[in-house]
Amino acid sequence: MENSSRILSGMRATGNLHLGHYHGAIKNWVNLQYEHECYFMVADIHALTTNYESTGLIASSVHEMVIDWLACGVDPSQAVIFIQSEVPAHAELHLLLSMITPLSWLERVPTYKEQIEKLSNRDLGTYGFLGYPLLQSADILLYNAKFVPVGEDQVSHVELTREIARRFNYIYGRETGFEEKAREVIPKLGHKRALLYEELLVQYQQEGNDEALEKARFLLKDAVNLSLGERERLFAFLENKSKVILTEPQALVTAASKLPGLDGQKMSKSYNNTLMLREAPDTISKKIKSMQTDPARIRRTDTGDPQKCPVWQLHRVYSNEEVKQWVQTGCTTAGIGCLDCKGPLIESIQAESEQFRERARPYIEDRNLVRNILADGAEKANETTEDTLDMVKSAMGIKY
Ligand code: TRP
Ligand code: SF4
């Protein structure tokens, strides 16, 4: 498969997964693995950035999370599954990229301040936490990944990755001599124009600002003191978008999960409103039976409005047209009770979780299976990343 369509994604290891993870991310991974060369990573070092004081949860989550992935249908013969810390190139590239990363770029990533405020019970004024999105950039750039499936909240991290790639290419991707020759000509533009030209050059080449390119072209056309050759040299210098050493990735934004939690809010461990992926049949039934319904439906004879009911949101994901029609009619005419309505839902979710538990069983029975998958994955990931790291080192002048 072509590496031009390579995909990398990751997830922090912070406990067992719930159905929100499945519908919001992993289902999408499962589809992608058949069309792309996929790398799926357990981001254990990322988990350390916020959980460095109590790391026990990370250790116990790693294998469980991978079992959850496998249960969902992530297939180790299609995709490479590995643990971040078992591929040292992630740490190494992170360090190398940190040399060229302006602090201000990291400080202005929206998740930085948000998380510090949200997790105010932990001290996140650490070097590692500020570098969180840069580590993610290293994860992505190491594989020359073209696409990065992520949720909306991670888009700014992919954007930072693009900026880092551009800056790296700009600094280390120039042909020798080319730049010197162009730089000799720049002063002939006259002091003011020369300054403006350099400014526009940076805006275009480092920041990808197309308007700056247009302005610089104009500026060169108007410059009278240049010979034809000199003018062309500056045009060429302008357009020379450096050699591409690191590939700019694109975010593949997974639509926000259509699956709300049991209370209608976003499904999340911290709201205590989850259905776990491998939830047992009786707890599925218990949890759904105790779900809130349309608050206006107090008595069995009251009509209801599915739009105001979290149970309906689950039907939208789990039920076929016929069942959905039955709910709509039954609810709005008081033809069915809420317990009736929940019945087919319980069955569908139980059937799905049965499938998950079935797929997970061999991996629970023989822990070595997962160990082997991860060892294989780390070996492949180490192989893939070696080339990138070599290229980066020689570009940076530390390959001897
Ligand atoms: N930061 C991501 C999250 O919290 C996890 C992650 C780490 C990741 N490295 C990545 C996602 C690389 C995509 C690509 O969900
Ligand atoms: Fe919700 Fe179904 Fe009850 Fe209507 S009948 S309020 S959709 S649970």
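Counting from 1, residues in each chain are numbered in the order their sequence is written. Ligands are numbered from 1 and chains lettered from A, in the order in which they are written. Note on the predicted model: pLDDT of at least 70 is required for a residue's local features to be given, and 80 or more for side-chain atom pairs to be given and counted; whole-chain, interface and lining totals, by contrast, use all residues. The side-chain values count all of the structure's non-hydrogen atoms but skip hydrogen atoms and water molecules.

Participant: So what's going on with the nonpolar core? Residues and values would help.
Facilitator: Ile26 and Trp69 are the most contacted members of the largest nonpolar core, which totals 55 residues. Broken down by element, the residue count for this core peaks at nine residues, all from helix α3 (residues 56-72). Formed jointly, this core draws a minimum of three residues from each of two domains, domain 1 (6-171 + 249-258 + 366-395) and domain 3 (278-364). Residues belong to a common nonpolar core when they are buried Ala, Val, Leu, Ile, Met, Phe, Trp, Tyr or Cys residues joined through side-chain atoms within 4.5 Å. Per-residue accessibility, obtained with a 1.4 Å probe over protein chains only, is compared with the maximum for each type, and a residue is labelled buried under 20%, exposed over 50%, and partly exposed between these values. Ranked by size, the runner-up nonpolar core spans 40 residues in total, among them Val148, Leu160, Ala381 and Leu389. Put simply, DSSP H or I for four residues or longer makes a helix, DSSP E for two residues or longer makes a strand, and each gets a number counted from the N terminus. Those domain boundaries reflect an automatic or database domain assignment.

Participant: Explain the side chain of Ser353 to me, and be specific about the residues and the numbers.
Facilitator: Position of Ser353 relative to the elements: it lies in helix α17 (residues 338-365). Polar contact is defined as a pair of N or O atoms within 3.5 Å, subject to the rule that within protein one atom must be able to donate a hydrogen and the other to accept it, and that residues adjacent in sequence are counted only when both atoms are side-chain atoms. A polar contact of 3.2 Å, which involves the side chain of Ser353, links it to the backbone oxygen of Glu279. Throughout, a residue-residue contact means that at least one pair of heavy atoms, one from each residue, lies within 4.5 Å. For Ser353, the contacting residues outside a window of four places in its chain are Leu277, Glu279 and Ile284.

Participant: Give me the lowdown on the site of ligand 1, citing residues and values where you can.
Facilitator: Close contacts around ligand 1 come from 14 residues, with Arg12, Tyr132, Gln136, Asp139 and Gln154 the closest. Separating a nitrogen atom of ligand 1 from a side-chain N or O atom of Gln136 is a distance of 3.0 Å. Gln154 places a side-chain nitrogen or oxygen 2.8 Å from a nitrogen atom of ligand 1. To measure how exposed things are, a 1.4 Å probe is used in the Shrake-Rupley method; for residues, cover is taken only from the protein chains shown. Contact with the protein chains hides 92% of the accessible area of ligand 1, taken as 370 Å² for the molecule alone. Where the shell around ligand 1 is concerned, the elements lending two or more residues are β1 (7-12), β2 (38-43), α8 (132-142) and β4 (147-150). The residue makeup of the shell around ligand 1, split by class, is seven nonpolar, five polar and two charged. Residues are labelled near a given molecule or strand when at least one of their non-hydrogen atoms is within 4 Å of it. Only Asp, Glu, Lys and Arg are considered charged, only Ala, Val, Leu, Ile, Met, Phe, Trp, Tyr, Cys and Pro nonpolar, and every remaining residue, Gly among them, polar.

Participant: Got a sec to walk through the domain arrangement of the chain? Specific residues and values, please.
Facilitator: Splitting the chain by domain gives domain 1 (6-171 + 249-258 + 366-395), domain 2 (174-238) and domain 3 (278-364). Between domain 2 and domain 3, the C-alpha centre-to-centre distance is 64 Å.

Participant: Give a detailed account of a negative patch on the surface, specifying residues and quantitative values.
Facilitator: Surface patches are defined over residues having more than 30% relative accessible area and no salt bridge, joining like charges when they lie within 9 Å and nonpolar side chains (Val, Leu, Ile, Met, Phe, Trp, Tyr) when within 5 Å. Salt-bridge detection follows one rule: a side-chain nitrogen of Lys or Arg within 4 Å of a carboxyl oxygen of Asp or Glu. Here the positive residues are Lys and Arg and the negative ones are Asp and Glu; neither His nor the chain ends is included. Think of each charge as sitting on NZ of Lys, CZ of Arg, CG of Asp or CD of Glu. Residues Asp376, Glu379, Glu383, Glu386 and Asp387 make up a contiguous surface patch of negative charge. The topology assignment puts Asp387 in helix α18 (residues 367-395). Asp387 sits in the exposed class, given a relative accessible area of 55%.

Participant: How would you sum up the site of ligand 2? Please name residues and give values.
Facilitator: If you check the shell around ligand 2, you find Thr293, Asp294, Arg297, Cys309, Val311, Val327, Cys331, Cys338 and Cys341 and nothing else. Put simply, the parts of the chain that give the shell around ligand 2 at least two residues each are α16 (321-332) and α17. Class assignment for the residues of the shell around ligand 2 results in six nonpolar, one polar and two charged.

Participant: Break down helix α10 (residues 178-185) for me, with residues and values.
Facilitator: Along α10, the residues classified as buried are Glu179, Ala182 and Val185. Around the axis of α10, the buried residues are gathered within 120 degrees of arc, so they sit on the same side. Residues of α10 that are buried sit in contact with α13 (228-239). Directions pointing from the helix axis toward each C-beta atom define the arc.

Participant: Describe the packing of aromatic side chains, with residues and values.
Facilitator: Two rings belonging to Phe, Tyr or Trp (six-membered ring only in the last case) form a pair when the distance between their centres is within 6.5 Å. Interplanar angles under 30 degrees mark stacking, angles over 60 mark edge-to-face geometry, and anything in between is tilted. As enumerated under the stated definition, the model contains nine aromatic pairs in all. Where Tyr39 meets Phe82, the ring centres are 6.5 Å apart and the plane angle is 75 degrees; that geometry is what we call edge-to-face. Note that Tyr39 is positioned in strand β2 and Phe82 in strand β3 (residues 79-83), a separation of 43 residues in sequence. Like Phe82, Tyr39 is buried. Ring pairs connect the aromatic residues Trp29, Phe40 and Trp69, which therefore count as one cluster. Charges are assigned to positions over rings by a cutoff of 6 Å between ring centre and Lys NZ or Arg CZ, combined with an angular limit of 35 degrees from the ring normal. Taking NZ or CZ as reference, Arg167 lies 5.9 Å from the ring centre of Trp105, over its face. For Lys221, the ring lying beneath its charged end belongs to Phe218, and the centroid distance is 5.5 Å.

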